[in-house]
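A structural walkthrough
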Amino acid sequence: MNDLHLNLKAEYFDAIKDGSKLFEYRRCTPYWIKRLVGKEFGRVFIKRGYPAHGDMDRTLVRAWAGYEVQTITHPHFGPDPVEVFAIRVGGVL
């Protein structure tokens, strides 16, 4: 089974690591629709930036727990509400 790899900014990576962020958001674009809809993954690799291969201090591994579609407002996506894939990243492998 394939793995999903997500590269994040430090603030979001750290929030997932300390347990205060349970979802990672990706806009519902054709790119993410093709990558996520109808797919199952074994694990999710959450990376702080683009770490060197094997740098596990900057990599979290979570069991795939699916996603849900949500409508949110977030500064990263602009002032208007947007539809996103909310990928569950709170669980531990």
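Residues numbered from 1 in each chain as written. Predicted model: local features only at pLDDT ≥ 70, side-chain atom pairs only at ≥ 80, totals over all residues. Heavy atoms only, no water.

**Digging into the pairing of strand E6 (residues 78–88)**
Relative to E6, strand E2 (residues 23–27) runs antiparallel, the two being bridged by five bridges. Paired with Arg-26 across the bridge in E6 is Phe-85. Here seven bridges tie strand E5 (residues 67–74) to E6, and the two strands are oriented antiparallel to one another. Within E6, the position partnered with Glu-68 by the bridge is Ala-86. Where E5 folds back on E6, the antiparallel hairpin that results is connected by three residues. (Pairing = 2+ DSSP bridges. Helix = DSSP H or I, 4+ residues; strand = E, 2+ residues; numbered from the N terminus.)

**Section: the nonpolar core**
Judged by nonpolar contacts, the single largest core of 16 residues is most densely connected at Leu-4, Leu-6, Leu-8, Leu-36, Ile-46, Trp-64 and Ile-87. Of all the secondary structure elements, the ones that give two or more residues to this core are strand E1 (4–8), helix H1 (10–17), helix H2 (30–36), strand E3 (43–48) and E6. (Core = buried A, V, L, I, M, F, W, Y, C linked by side-chain atoms within 4.5 Å. Buried < 20%, exposed > 50% of the residue type's maximum accessible area, 1.4 Å probe, protein only.)

**Side note on the sheet that holds E6**
Taken in spatial order, the three strands of this open sheet run E2-E6-E5, and their pairing is antiparallel. Each having just a single partner strand, E2 and E5 make up the two edges of the open sheet. Averaged over all pairs of adjacent strands, the angle between strand axes in this sheet comes to 40°, irrespective of strand direction. (Axes fitted to C-alpha atoms, helices over the stretch in contact; angles between N-to-C directions.)

**A look at the environment of Phe-41**
Within the secondary structure layout, Phe-41 lies in the loop between H2 and E3. With relative accessibility at 10%, the residue Phe-41 sits in the buried group. Between the alpha carbons of Phe-41 and Gly-66 there is a distance of 8.3 Å; along the sequence they are 25 residues apart. Those residues in contact with Phe-41 that lie beyond four places of it in its chain are Met-1, Asn-2, Asp-3, Leu-4, Arg-35, Leu-36 and Trp-64. (Contact = heavy atoms within 4.5 Å.)

**Section: the pairing of E1**
The side-chain alternation of E1 yields one buried face, formed by Leu-4, Leu-6 and Leu-8, and one unburied face, formed by His-5 and Asn-7. Across five bridges, E1 lies against E3 in parallel orientation. By the bridge assignment, Leu-4 is partnered in E3 with Val-44.

**With respect to the pattern of salt bridges**
Enumeration according to the criterion identifies five salt bridges in this entry. Arg-48 is the salt-bridge partner of Asp-14, the closest N and O atoms lying 3.3 Å from each other. Residue Asp-14 is found in helix H1, and its partner Arg-48 is found in strand E3; the two are separated by 34 residues along the sequence. Relative accessible area serves as the criterion here: at 31%, Asp-14 is assigned to the partly exposed category. (Salt bridge = Lys/Arg side-chain N within 4 Å of Asp/Glu carboxyl O.)

Taken by themselves, the reported measurements are silent on function.
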